[in-house]
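Residue-level structure breakdown
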Amino acid sequence: MPEFILELKKIGYSYHSMHGEIQALEDISFGVREGEFVAIVGPSGCGKTTLLSIIAGLLIPEKGTIVVNNPDGSLHYPKVGYMLQHDHLFEWRTVYRNVILGLEINHQLTEERLDYVNQLLIDYGLDQFRDKRPSELSGGMKQRAALIRTLALGPQLLLLDEPFSALDYQTRLMVSADICHLIRQTKKTMIIITHDLSEAISLADRVVILSGRPATVKKELPIHLTLQDDSLLAARHAPEFQDYFSRLWEVLTNEGTGGEEIERKVFQG
Amino acid sequence: MNAKFSRADTELTRQEAFVRAHKRHHHQVASFRLLLFAGFLILWEVSADMGWIDSFFFSSPSRVVHCVIQLCKDHSLFLHIGITLFETILSFLLVFLISVAVSTVLWYSTRLSEVLEPYLVILNSLPKSALAPLFIVWLGTGTTTIIVAGISVALFGSIISFYTGFRQVDPEKITLIYTLGGNKKDAFTKVVLPGSVPIMLSTTKVNIGLALVGVIIGEFLAARRGLGYLIIYGSQVFQLDKVITSIILLCIIAFGFYKGIQCIEHHIKIKLKM
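Residues numbered from 1 in each chain as written. Chains lettered and ligands numbered in written order. Predicted model: local features only at pLDDT ≥ 70, side-chain atom pairs only at ≥ 80, totals over all residues.

1. Points about the overall build of chain A
Helices and strands together make up the secondary structure of chain A, namely 8 helices and 9 strands. Compactness check: chain A gives a C-alpha radius of gyration of 19 Å against a globular reference of 18 Å for 269 residues, within 12% of the reference. Taking the principal axes of the C-alpha coordinates as reference, chain A spans close to 55 × 50 × 40 Å. Classification of the 269 residues of chain A by burial places 38% in the buried group. Considering only intrachain contacts with a sequence separation of at least 6, the fraction spanning at least 24 residues in chain A is 72%. (Helix = DSSP H or I, 4+ residues; strand = E, 2+ residues; numbered from the N terminus. Rg over C-alpha atoms; globule rule 2.2 N^0.38 Å. Buried ≥ 20, exposed ≤ 12 C-beta atoms within 10 Å, placed from the backbone. Contact = placed C-beta atoms within 7 Å.)

2. Looking at the domain arrangement of chain B
In many reports, interface size means the accessible area that the parts give up when they come together. Here chain B is partitioned into domain 1 (2-53) and domain 2 (74-272). A C-alpha centroid distance of 37 Å is found between domain 1 of chain B and domain 2 of chain B. (Domains from an automatic or database assignment.)

3. Overview of the nonpolar core
A:Ile148, A:Val207 and A:Leu248 are the most contacted members of the largest nonpolar core, which totals 118 residues. Looking at this core element by element, the count peaks at 13 residues for helix α7 (residues 143-167) of chain B. Other than its neighbours up to four places away in sequence, A:Leu248 contacts A:Val41, A:Leu197, A:Ile201, A:Val207, A:Ile209 and A:Leu221. Listed in part, the 5 residues of the second largest apolar core include B:Val64, B:Leu71, B:Leu77 and B:Ile244. (Core = buried A, V, L, I, M, F, W, Y, C linked by C-beta atoms within 7 Å.)

4. Examining the sheet that holds strand β9 (residues 217-222) of chain A
Residues and elements named next belong to chain A. Taken in spatial order, the 6 strands of this open sheet run β5-β6-β7-β3-β8-β9, and their pairing is mixed. Strands at the two margins of the open sheet, each flanked by one partner only, are β5 (80-83) and β9. With direction set aside, neighbouring strand axes in the sheet form an average angle of 15°. Here strand β8 (residues 206-210) runs beside β9; their pairing, made up of 5 bridges, is antiparallel. The partner of Val 207 across the bridge, within β9, is Leu 221. (Pairing = 2+ DSSP bridges. Axes fitted to C-alpha atoms, helices over the stretch in contact; angles between N-to-C directions.)

5. Side note on helix α4 (residues 111-123) of chain A
Residue and element names in this part refer to chain A. Look at α4: 18 Å from first C-alpha to last across 13 residues, which is about the 18 Å you get at 1.5 Å a residue. Taken together, the buried positions of α4 are occupied by Val 117, Leu 120 and Leu 121. Within α4, the buried residues cover an arc of 100° as seen down the axis, which keeps them to one side. Residues of α4 that are exposed and angled more than 90 degrees away from the buried face: Glu 111, Glu 112, Asp 115, Gln 119 and Ile 122. A positive backbone phi angle near 70° is found at Gly 125, which sits one or two residues after α4. (Expected span 1.5 Å × (residues − 1). Arc of directions from axis to C-beta.)

6. Some points on the pairing of strand β1 (residues 6-17) of chain A
All names here are of chain A. Examined bridge by bridge, β1 and strand β2 (residues 20-32) share 9 bridges and lie antiparallel to one another. Across the sheet, residue Ile 11 finds its bridge partner in β2, namely Ile 28. What sits between β1 and β2 in their antiparallel hairpin is a turn of 2 residues. The pairing of β1 with strand β4 (residues 63-68) spans 5 bridges and is antiparallel. From the neighbouring strand, Lys 9 faces β4, where its bridge partner is Thr 65.

7. A few points about the pairing of β5(A)
All names here are of chain A. A two-sided burial pattern is seen for β5, the buried positions comprising Val 80 and Tyr 82 on one face and Gly 81 and Met 83 on the other. Where β5 lies against strand β6 (residues 157-161), 4 bridges are found, and the strand directions are parallel. Each bridged residue has a counterpart across the sheet, and for Tyr 82 the counterpart in β6 is Leu 159.

8. With respect to the sheet that holds β1(A)
All names here are of chain A. Pairing in this open sheet of 3 strands is antiparallel, and the strands run β2-β1-β4 from one edge to the other. What marks the edges here is a single partner per strand, and that holds for β2 and β4. Taking each pair of neighbouring strands and ignoring which way they run, the sheet shows an average axis angle of 20°.

9. As for the confidence of the model for chain A
A low pLDDT score tells you not to read the predicted coordinates there in detail. Residues and elements named next belong to chain A. Here chain A shows a mean pLDDT of 84. Residues at 70 or above account for 94%. Confidence scores differ between elements of chain A, with helix α6 (residues 169-186) showing the lowest mean pLDDT of 83 and helix α2 (residues 95-99) the highest of 93. Low pLDDT, under 50, characterises residues 256-269; the predicted model gives this stretch 18 contacts beyond four residues in sequence or across chains. (pLDDT = per-residue confidence, 0-100.)

10. Points about the environment of B:Leu155
Residues and elements named next belong to chain B. Structurally, Leu 155 is set in helix α7. Residues Leu 155 and Leu 210, 55 residues apart in the sequence, show an inter-C-alpha distance of 9.1 Å. Those residues in contact with Leu 155 that sit more than four places away from it in its chain are Val 95, Ile 98 and Ser 99.

11. Some remarks on the interface of chain A and chain B
In this complex, chain A contributes 15 residues to the contact, which on the side of chain B involves 16 residues. It is helix α3 (residues 101-105) of chain A that contributes the most residues to the side of chain A that touches chain B, 3 residues altogether. For the side of chain A that touches chain B, the per-class residue count stands at 9 nonpolar, 4 polar and 2 charged. (Nonpolar A, V, L, I, M, F, W, Y, C, P; charged D, E, K, R; others polar.)

In structure tokens, the structure reads:
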């Protein structure tokens, strides 16, 4: 079986305007394994969102190919769920009608799907808020509702575009850990964009570092953290955390490659 | 203990004092409004009685009341009011429907909206009363002409406002619809239309007044009934009581429309919890 379920090969993309061409992505190649969490970090404006839009199928790459290897051998492109920078829950709909928006659009308001949504509402503690308006929810609950809306369609691959950047710092720490914990439970594959290095280290199995525009893959860094307990912030207290942070920082700021891989015994929490 | 109680007491009275001051402010505003109205009526009546103004030209409250009673007696008052109300509401509803339809088409086709933009701006700035004589020639004298006049005054501004509202919807919300597998139609029905309700409501408030303006212009030129006709007829036969009575009735109608729209707006906002 191939190693990656999704593999990007030499992806390139440029934006065109009357003022000329802006090359956003140049020669991006990396793969994603099934059930893996990949974080993409890079300087702001380097084309991270463009890359995610290409993976989501919202944009068509000008160069390169995306190779799909579904575990079941089928050839269709994996179903993608996309979470944007803001939760974008609609104030004119109740929480429940917000989370079934995707099903409504795809005409999939089947009993099976709605049962799944209702189960998620109960599991994520939102059942009692189903008839409330989004503004009555806390920041964390809004993100959970946005996650249910994304999961309702049964995606195989989740794409998160700085989904917590609109939250204040304290809420963000808790919500990002919470949401990723919930996604881990669904055993789905996830690609998350962030400009927050600690977030990338604490959430991902592997960090892909992009260069400035036009973006190329500068380095891929597998993350293995020793978790001391199972609290939400455990990853940030892991002994290797600081080390990874310095390495990522070095790669991002210097034009260097970050030296040799960390030689460290691996403990998976 | 005592100290605690007294603190709570003062806090309560401060809250009460705030509520009382707030209510007093509103009562004052309301009574000054009434006072202004009553003062104007009294001054008007007295000036006419004392001969400071010529009541033939300026009428007086008692003459207006007399005129209303007379119009009631020959049953024409409610006919005139009813006709004007009917024409205004019909024009207003047509303006709303046409604006929604046209701005929807413009939203769907960026190219068409770019092509039509200068035409819309010109038609919006054009004084519509200049068109009224043409409408008479084209459509004859009657209800159709008056309703078309009513529509013409409000329509183009309304289309521009609706379309601008549609364009101002957060593009990320539209992206969300695409990420959920939706198409342009889903983006319109799930995001653009519900997201534009506030701007549509505020435009509607302006439109009802403009429709009334258009209908009166139409009635000036092409009617045998309605308050606009009554004004023109009154001025031609020098019965200025009729003119001034009609104007006062128009004030009341305009106020009624404003309150009506406000009421509808309130209900929609409660329903959508905005």
